[in-house]
Structure formats: structure tokens, C-alpha cells
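Next come the chains, spelled out residue by residue.
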Amino acid sequence: MVTYPTFISSGTMGERLTNKDRDQIEKWIGTGPKTFTLLYAITKDKCDVTVFHKKCDGQGPTVTVLYNDKESVYGGYSPITWNSVISAYGSSSEAFLFQLYHDGKQKPSKFELKAGQYHYAVCNQTNIGPTFGAGHDLHTFSGTINRSGSVFPLNGYAGFGNSYDMQGVSADDIHNGNLNVTELEVYKVTYDEDKERKPWRELDNWNTKELEKLKEDILTFKPSPDLNFKEARIAMIGPVGAGKSSFYNTIDSIFRGRITQRACSGSAEQSVTTGYIPYSVRTDNGDSPKFILCDTPGLEESAGLEVNECSYLLDGNLPNFYLFNRKSPFTSKADNFEEDPTTQDRIHCVVFVLDATTLDVVSSKVVEKMKNFQRIMNEREIPQLIVLTKVDKLCKDVQKDISFTYKSWVVEEHVEKASQLLGLRRSNVLPVKNYEEETTLDININILTLLALRKILDSTEDYMHNLLDRQKFGQMKICEK
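Notes on the structure follow. Not measured: the values here are computed from a predicted model.

**Considerations on the side chain of D48**
- Mapped onto the elements of the fold, D48 is located in strand β2 (residues 47-48).
- Of the polar contacts made by the side chain of D48, one reaches the side chain of T144; its length is 2.5 Å.
- Once residues within four sequence positions are removed from consideration, D48 is found in contact with Y40, F141, G143 and T144.

Given below as C-alpha cells:
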């Protein structure tokens, strides 16, 4: 369940209809991309029918949106222009009412006209504001309405169900039993053949040239030469089935030039990975980039990595390829406990791998585990990022074309959700799609993956520069065996 973000608009200043809600209404209207231009808002133009008609008459198709103090959002689309000359019903089969949110929770629903009710799509009269249906289904206001405290108590009527098929949804389930609104907006809707959905994250060129540039950036990555590191160590941590091993396999596949499956992966209820396994990446000519991805067992409520074990992993006390024992946690008394690890043995960056499709159902105990891990990572100033997998399953447009990821408001919403889950910056949440059923490489999957990897390596490099400063100012001794 998604909570509406307190009506913060991502559109033009003063407009409360967000980009993702415009996209939803755009899809309901159909026939291609649309531009929404705010014509009228009662908070800045007065809740007055004269002003409404002055600003909205003759403007063509419009969307009317009402926002109430219970964080419910609803309204109607009229393909017929408003006017105050002809007092009559307007006929259309394309008009509809809609609901976007109820009590702050997403509830997108479209309500179309009933058969035989097309002649009552909208009602035009000099002394009324936007009105839909016979009866009326939604009559917003008449005359002039003054603000009362934080709301405008509209004097219209919203019974719903007369001309529009409400699919069993009651009026109270739309407007919370009253017409007290904090805002009413009317947008002009125009078809824009040249419109391209604006990406929510800076979008690189999605082509072969960009892919080769990303590969080159990653292949030339070198840990700080002043620290004498051979490679950077990046730990992957996350719930069972999130896709840690598959993320490594995807990266390895990109550089090998074919689909590889070096790391065991699957969809078992318990973690397929049972050990601390460092993986290097091989290129098709046998070279290895200067980083290691370290896989760990999937987190469960009562299994997987524990806090003390995480500390040992971060500090380099945990031996490579250590197999975890559910009944006997790793301790400092273990025979293979590394007493004197070097900075090279330590973890230099942590990637939390989360499944985008299960963010709402991640166990609170597993989330608590990850937050406990974060506390000890923060003590060591180790950078943390989130790799958000399976984003193709969130949105049909992304499923059809992975390069649409940074334009999908559904993916953006889940990036925000992951950010809030672990308290990390949105820019540190990296959406990806791992290779699963594919048998050949896909340029768009490759680019999306390498954009994420480049961000991870950038954060790792920043951490190493911090280590170098500590060495320079005598706060840390860097050594290697």
C-alpha cells in the first residue's frame, strides 16, 4: 500500500497534480501523449463561477481535480469545452470521472458513462462550476465560495452513480462524505505529438557507444594507487531471493560477452548462497576489473548474516569462502578468525540488494537487521547503496523497453520507497533488471546495470580517498600482507 506524498507537486510551481498522476490520466484518456496546462485554481483565482468561466470557457478538453483535507483526490475529464453561453448538457462518450487517492492511499479508478447516458456527460450553466452527469454525479459549486479555515466548503453535490458507472464505489469512498476541499484545479488538456516523458533521473544516451564508454570507465577503475590496493571489495547484502547472485552474474555476463551463471542463483525459500563468496569479473580476453563483488547469505528473520558476523565481514576478519552455520555463528574464537586483517581485506562499499516487487512485504525483522548493519557501517563510514532489482515487473512500459526505466513514475515511486526503507539518498538507489530467462545479451539491460555499477565504484573511490586522508593525517595505518 502506497501513501500519497503530502501533495508535493513535481509539476510547475503551484500545481498540485503530480507527474505520475498526469501520466495516469493521460493513459485513461488515451490517443497518445498529452500536455496539461493549469487554467484555474481556487486558491489563487478565487472560488467563483465568474472567474471559472472567464478562465476555462472555450479552452477545449479539460481535467478537473479536487483535493480534500483527508488527502483524497478525485475529479473528471471533459472532452467538451466549458461555456457559459449555452445552458445545457453536453454529449460525449469519452468523458469520465476518476479517483486517484482516498485517505492518502493510491486508489486509481476510472468511471465511465453508463450506456444511454452519453447526452449527460457534462453540464454547462452560467452560475455553476465544473459539473458532470445528470442529477448530478459531480457538481462542484455555485456562485462564490469563501475559504473557511483551511478548506473551501463547496456548495455543490457529489452523489455519483446517476450517469457514471461507479463500479460499486460509494460517494463517501470518493470524497469522505463532504465537499470540503483544499484545492480545485482545472487543466487544459492538449495532444502533444512531440511530447516525450521527462526522465526523473538524468538519462545517458542508450546506444552502443554509451555502452562501450561505460565499460571503459569500469575497466579503467583503479583503487587509490597511494593505498597499494589490488582491488576494491564490495559486499552484497539483502533478503532471500532479492537477486544478489544474479546481479553479479549479470555484470559478469556483460564483460564476458555471453550469459554466465558463475554464482548459484534461484528462487528457493531459503538462501541459495550459504557462504561469504568473493567473485571477480572476467572480460572476454581474460582480464579482471579492479573490484570484487562479495556475495553473502540471504537475510531471513532467524537466519542469514547476524550483526556480529557483519562486523567481522566489514573488518576483514571473515575468511574468504567461509560457510555460515545456522546453529553456530562465527565468533572471534573461531579457528579461522583473521586476527590481523589489512585494509585490503576489509569491505570498502556495501550494496543492499532489494526486490522492487516485495518492498511492501519485507519482514520488519529483516528491515531491522539491515538497519542494525547500517549502524556499524556508519561507524566505519562505509558507503551504502541500494540495487533495486526486478524493476521490469513493476511497469509494462519498462518490461517492453528497459531504457524506459528512468521515465517510469512507477519505478520512481519504488526508488523513493526503497530510499525511505533504509534512509538512504534517492540517488543511491539504483534500479536494475538482472538476466534471468534471457539467453542472449540485451544492450538496454547492460547499460542500466553498468550505470548502477559505475555509481557503486564512484562511491567506493570516495571512501578510499577518505582512507588516504586518514593515512595522510596519521589517523590510520594502511598496510598489506
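**Concerning the packing of aromatic side chains**
- Under the counting rule described, the total for this entry stands at 18 aromatic pairs.
- Consider the rings of Y89 and Y120, whose centres lie 5.1 Å apart with planes at 85 degrees: the pair is edge-to-face. With a gap of 31 residues between them, Y89 in strand β5 (residues 88-90) and Y120 in the loop between β7 (105-112) and β8 (122-124) connect regions that are remote in the sequence.
- Look at Y89 and you get partly exposed, because its relative accessible area is 36%.
- According to the relative accessible area criterion, Y120 is partly exposed, its value standing at 31%.
- For the ring pair Y322 and F330, a centre distance of 4.8 Å and an interplane angle of 65 degrees mean the geometry is edge-to-face. Take Y322 and F330: they sit in the same class, and that class is buried.
- These aromatic residues form a ring-pair network of at least three members: Y312, Y322, F324, F330 and F337.

**Some details on the pattern of salt bridges**
- What the rule picks out here adds up to 18 salt bridges.
- For K369, the salt bridge goes to E306, with nearest N and O atoms at 3.3 Å. Linking K369 in helix α8 (residues 364-379) with E306 in the loop between β16 (291-295) and α7 (307-315), this pair joins segments that are 63 residues apart in sequence.
- With a relative accessible area of 9%, K369 lands in the buried category.
- Among the charged side chains, a salt-bridge network with shared partners connects K44, D45 and K55.

What counts and what doesn't
- Residues numbered from 1 in each chain as written.
- Predicted model: local features only at pLDDT ≥ 70, side-chain atom pairs only at ≥ 80, totals over all residues.
- Heavy atoms only, no water.
- Helix = DSSP H or I, 4+ residues; strand = E, 2+ residues; numbered from the N terminus.
- Polar contact = N/O pair within 3.5 Å; in protein donor to acceptor, adjacent residues only side chain to side chain.
- Contact = heavy atoms within 4.5 Å.
- Phe/Tyr/Trp six-rings, centres within 6.5 Å; stacked < 30°, edge-to-face > 60°.
- Buried < 20%, exposed > 50% of the residue type's maximum accessible area, 1.4 Å probe, protein only.
- Salt bridge = Lys/Arg side-chain N within 4 Å of Asp/Glu carboxyl O.

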